[in-house]
Amino acid sequence: ARRLVAIEVTIESWIARYRPTAVAIERVFAQHNVQTVMGTAQVAGVAMLVAAKHGIPVSLHTPSEVKASITGSGRASKDQVGAMVTRILKLEDVPQPADATDALALAICHVWRGSTTARLNAAVEAAANHGRQRGPLGRSPRPPSRRQE
């Protein structure tokens, strides 16, 4: 539990310092090592919680979604992802360590796919709000009648 508090404090300081307008997190996927998945999920949850407390939208992207958006293949190798991140960002070398490459790939994926996701989420929310404005039996409420004076 102390580890998660320390992570929360660190993320809080990053948000205060860098003031992000969005947070992208790699969606946890099933692995053979349950302990690793649980630890990763816990940290992702803390990051989502901190972002939500600050009103920052959070998007989750699967590893295959990130790979596909960067390389065109959801089954791309780490080397292929690294090469494309290097090319896209016009870097001289592949970012090190490998986690840095993964983070940059996630950010690129979010920027490229984020506007589409945001538009879809806005449309779903607008449809839900429109449904709430309907009266009984799904009918739109009648506008107030105009009186002739």
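Residues numbered from 1 in each chain as written. Predicted model: local features only at pLDDT ≥ 70, side-chain atom pairs only at ≥ 80, totals over all residues. Heavy atoms only, no water.

Draft legend 1. Spatial organisation of the packing of helix H3 (residues 63-71) against helix H4 (residues 78-88). The geometry of H3 relative to H4 is characterised by a closest axis approach of 9 Å and an angle of 50 degrees between their N-to-C directions. The angle between H3 and H4 falls in the class oblique. Remark: the crossing between H3 and H4 carries left-handed chirality. Facing H3, whose interface residues are Lys-67, Ile-70 and Thr-71, H4 presents Gln-80, Val-81, Met-84, Val-85 and Ile-88. Of the residues contributing to the contact of H3 with H4, the split by class is five nonpolar, two polar and one charged. (Axes fitted to C-alpha atoms, helices over the stretch in contact; angles between N-to-C directions. Helix = DSSP H or I, 4+ residues; strand = E, 2+ residues; numbered from the N terminus. Parallel < 35°, antiparallel > 145°, perpendicular 65-115°, else oblique. Left-handed = near helix turned anticlockwise from the far one by under 90°. Contact = heavy atoms within 4.5 Å. Nonpolar A, V, L, I, M, F, W, Y, C, P; charged D, E, K, R; others polar.)

Draft legend 2. Structural view of the packing of helix H1 (residues 2-18) against helix H2 (residues 34-53). Running from N to C, H1 and H2 cross one another at 40 degrees; their axes reach a closest spacing of 10 Å. Overall, the two elements H1 and H2 adopt an arrangement that is oblique. The way H1 lies across H2 gives a crossing that is right-handed. Contact residues: H1 offers Arg-3, Leu-4, Ile-7, Glu-8, Ile-11, Glu-12 and Ile-15, while H2 offers Gly-39, Gln-42, Val-43, Val-46, Ala-47, Val-50, Ala-51 and Lys-53. Its residues assigned to classes, the contact of H1 with H2 comprises nine nonpolar, two polar and four charged.

All quantities given are derived from atomic positions and should not be read as evidence of function.
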